[in-house]
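Remarks on the overall topology
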Amino acid sequence: MFLQHLLNGITIGGSYALIALGYTLVYGVLKLINFAHGEIYMIGAYLGFILISLLPAMPPFLQGSLPLFLLVVFGIAAMICSLYGFYLEKICYRPLRGAPKLTPLISALGASIFLQNFVMISMGAKDRIFPQTIGMRAISLGGVSFTPLQLTIIFSSIALMALLYWFINRTRLGTAIRATSTDPFMAALVGINVDTVISVTFMAGSFLAACAGVMIGLYYGSINFTLGYLGGIKAFTAAVLGGIGNVPGAMVGGFLLGIIEALGAGYFSSEYKDVYAFFILIAVLVFRPAGLLGKRSDERA
Amino acid sequence: MNARNLRHDLFFYLGILLICVPFLKIHTLYVLPVFLGAWGLRRFADFAGENRLMVTLRERTVNSVLAHRRVTVGLILAVALLIPLGASDYLIEVFTSVILYAILATALNITVGLTGVLVLGFIGFYAVGAYTTGILTAKFALCGFWIALPLSGLAAMLCGILLGIPALRLRGDYLAVVTLGFGEIIRIFLTNLNGLTGGPNGILGIKRPSFGLFTLDHPRDFYWFALAVLSLVILIVARLVDSRYGRAWIAIRENEMAAGALGINVFRKHLLSFSLSAFFGGIAGSLFAVKQGFISPDSFTFYESVLILCMVVLGGIGNVAGSVTGALLLIAAPEFLREFSLYRMLVFGAVMIAFMVFRPSGLLGSRVIAQEIKDRADDGP
């Protein structure tokens, strides 16, 4: 039973981690929390739904090969969501750079409400059911049952994290992002275009969030326009748990939160499943604001 | 306006429209006029900001209102008192809602506007107040409304203190998220603690208060009662703003470190403003419970928190009159625009962004904040 909960927790945790990375990356370069990030994830889920529903209309070579088709779905959803991230930054954050902290926070909240209602109006307030595509037949192995879908989700989330790690640590743009998050002023002095870096950061975060959205849609089978609110809060908790601004921290925090939630729901009470995240959030912020892997900084939270 | 500007705008809006395509259905093509409107407003804002005539006109109006403050307040109060005499019962109910939200917005303004602390779970205090009254007067019928009313305020205040002691050590965004978590935790507990709160079904049969033989049954009487409470709350807050406490709060908002260096106990002043605002939130909740006669967790969602925040932002952060104006606009206006109720929250979101970007000080903004934002923008990041 324990292993079963653990596996379910890791599946969910992978997507929490992907969303949490978006929070952490943006916090790194701008030192603010992108409150509308959860909505990007929700939009990703809806784009996944729209694209997968289009399967019968796809060219035959895509219909024939499921992995290729899923890759295309993930790719297109992620691209469009990156643009959402780009515009979000451009409209809600860029004009407010340098303003008091309350101002971008409220505009982000506004963006979050706007996007949520935009999707609600166009896609309807009812749950949307994902078409069944990938195998849901459970495989049992040593008392633990899992579906091929679960394995796909776990592996693709790990692959995406590896991709991000490579991007941050091995590419020129990644180096620029790291430089900007260390010291934006110095980064500008050595010739880094800070505006571009910030845009790219938002786009990278949205890319990952969109993938997480498609995964969650496939995993739960149904999506709703309010998905982004709770998902966003939980991923934020994961980012704080690992230490906000810290990339490996967000990954660890995401998996940890998923596992805690699955174990909590399994052994205590599933009615209070959503409360665990909030309690962890408050506890971490109060007792160790720097998170598990974060450095203690002078400016407290 | 030059051609380059126009081209830039065109690309900008086209790009947004393009990414919206997957979600566009025929009726969502309403988005188009929204874009056109946004573009027009932006141009108008540019024009109004620079045109001398517009600027002087605006300043004249503001100055004359400020010069005759007592007269203005008296006039508004007189109109508010007379409304129920000419209005239908339905309209009176709407205005009673406006008053309840005005109390909430005024209360939230103490933390958001005066001390500069963003609270996103304010509805939690409202819920605690409403449920305290519901449980005391209806569920277990322990006491009457007049005892439950202050107890509701105190219960919310206690929650405020218990939350504030750990949470107020955090700053800005983190504090906002912790308060959001608080609001959610309250709601989830209300839904699941069946024995105490009636679970998802809530509490029924909360009676209207009475003065001896005289019951506030008629909407009109209850309206006047709520108006009296609102006036009292506004009076207290307005006096506080001018007191030592208010000055300390504003000093903290403007620069926490400098305020601390001047000998202000920042944490205690924060806690005071937080618990006071929770207290008024609880009082409003109690009024809500007796107004509706029925409460359930559905009335206390995150959206309500956002709605109240919207009022504060729209009216002008840190401005008491602004909070009331915000409540009036956001509660009364949708009642008259029922056909557009689907688009209400969509518009709220857009308005919140627009105000932050173009007019962070709100409709009746306090000058201090506006100046501060301008100065910081001039200094650069």
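Residues numbered from 1 in each chain as written. Chains lettered and ligands numbered in written order. Predicted model: local features only at pLDDT ≥ 70, side-chain atom pairs only at ≥ 80, totals over all residues.

**Quick notes on the overall build of chain B**
When helices and strands are tallied, chain B shows 17 helices and two strands. Here the C-alpha coordinates of chain B stretch approximately 70 × 60 × 45 Å along the principal axes. A total of 381 residues make up chain B; the buried ones form 43% of that total. Sequence separation of 24 or more characterises 77% of the internal contacts of chain B that already satisfy a separation of 6 or more. (Helix = DSSP H or I, 4+ residues; strand = E, 2+ residues; numbered from the N terminus. Buried ≥ 20, exposed ≤ 12 C-beta atoms within 10 Å, placed from the backbone. Contact = placed C-beta atoms within 7 Å.)

**Observations regarding the overall build of chain A**
Within chain A one finds twelve helices and four strands. For chain A, the C-alpha radius of gyration of 19 Å lies close to 19 Å, the compact-globule estimate for 301 residues. Referenced to the eigenvectors of the C-alpha coordinate spread, the extents of chain A come out at roughly 55 × 45 × 40 Å. For chain A, the proportion of its 301 residues judged to be buried stands at 53%. For chain A, the proportion of contacts with a sequence separation of at least 24, taken over those separated by at least 6, is 76%. (Rg over C-alpha atoms; globule rule 2.2 N^0.38 Å.)

**Some thoughts on the interface of chain A and chain B**
Quite often, the size of an interface is put as the accessible area lost when its parts meet. The interface is formed by 47 residues belonging to chain A together with 44 residues belonging to chain B. Mapped onto the side of chain A that touches chain B, the elements with two or more residues apiece are helix H2 (37–53), helix H4 (66–93), helix H5 (102–123), helix H10 (227–242) and helix H12 (273–287) of chain A. Of the residues forming the side of chain A that touches chain B, the biggest block, 16 residues, is contributed by H5(A). Its residues assigned to classes, the side of chain A that touches chain B comprises 36 nonpolar, six polar and five charged. (Nonpolar A, V, L, I, M, F, W, Y, C, P; charged D, E, K, R; others polar.)

**Brief notes about the packing of helix H6 (residues 148–170) of chain A against helix H9 (residues 194–220) of chain A**
Each packed pair of helices is defined by two parameters, the angle between the axes and the distance between the axes. Residues and elements named next belong to chain A. Between H6 and H9, the shortest axis-to-axis distance is 10 Å and the interhelical angle comes to 175°. Accordingly, the angle class assigned to the pair H6 and H9 is roughly antiparallel. Two secondary-structure elements touch here, H6 through Leu 149, Ile 153, Ser 156, Ser 157, Leu 160, Leu 164 and Phe 167 and H9 through Ala 204, Leu 208, Cys 211, Met 215, Leu 218 and Tyr 219. (Axes fitted to C-alpha atoms, helices over the stretch in contact; angles between N-to-C directions. Parallel < 35°, antiparallel > 145°, perpendicular 65-115°, else oblique.)

**Regarding helix H15 (residues 320–336) of chain B**
Since the α-helix packs 3.6 residues into each turn, any two residues three or four apart lie on the same face. Taking 1.5 Å as the rise per residue, H15(B) with 17 residues should run 24 Å; its terminal C-alpha atoms sit 25 Å apart, in good agreement. Taken together, the buried positions of H15(B) are occupied by Val320(B), Gly322(B), Ser323(B), Val324(B), Thr325(B), Gly326(B), Ala327(B), Leu330(B) and Ile331(B). (Expected span 1.5 Å × (residues − 1).)

**Focus: the packing of helix H6 (residues 123–139) of chain B against helix H13 (residues 266–292) of chain B**
Residues and elements named next belong to chain B. Between H6 and H13, whose axes approach to 6 Å, the crossing angle comes to 50°. With respect to H13, the axis of H6 lies oblique. Relative to H13, the crossing made by H6 is right-handed. On the side of H6, the interface is formed by Phe 125, Tyr 126, Ala 127, Val 128, Gly 129, Ala 130, Thr 132, Thr 133 and Gly 134, while H13 contributes Ala 278, Gly 281, Gly 282, Ile 283, Ala 284, Gly 285, Ser 286, Phe 288, Ala 289 and Val 290. Counted by class, the contact of H6 with H13 contains eleven nonpolar, eight polar and no charged residues. (Left-handed = near helix turned anticlockwise from the far one by under 90°.)

**Points about the environment of Ala238(B)**
Residue and element names in this part refer to chain B. Mapped onto the elements of the fold, Ala 238 is located in helix H10 (residues 219–241). The class of Ala 238 is partly exposed, set by 15 C-beta atoms lying within 10 Å. Ala 238 sits 13 residues away from Ala 251 along the chain, and the two C-alpha atoms are 16 Å apart.

**A look at unusual backbone geometry**
In the Ramachandran plot, Lys31(A) falls in the positive-phi region, its phi being about 55° despite a non-glycine side chain. Mapped onto the elements, Lys31(A) comes out in the loop between helix H1 (2–30) and H2.

**Examining the nonpolar core**
Membership of the largest hydrophobic core comes to 209 residues, with the highest contact counts inside it found for Cys81(A), Cys211(A) and Ile103(B). Among the elements that line this core, the one with the most residues is H9(A), at 16 residues. (Core = buried A, V, L, I, M, F, W, Y, C linked by C-beta atoms within 7 Å.)

**What to know about the environment of Tyr303(B)**
Mapped onto the fold, Tyr303(B) is located in helix H14 (residues 302–315). C-alpha separation for the pair Tyr303(B) and Ile123(B), spaced 180 residues apart in sequence, amounts to 8.9 Å.

**Details of the confidence of the model for chain B**
Detailed reading of the predicted coordinates is not advisable wherever pLDDT is low. Residues and elements named next belong to chain B. Per-residue confidence for chain B gives a mean pLDDT of 82; residues scoring 70 or more make up 90%. Ranking the elements of chain B by mean pLDDT puts helix H17 (residues 367–379) last, at 50, and H13 first, at 93. Across the assembled chains, the prediction reports ipTM 0.83 with pTM 0.83. (pLDDT = per-residue confidence, 0-100.)

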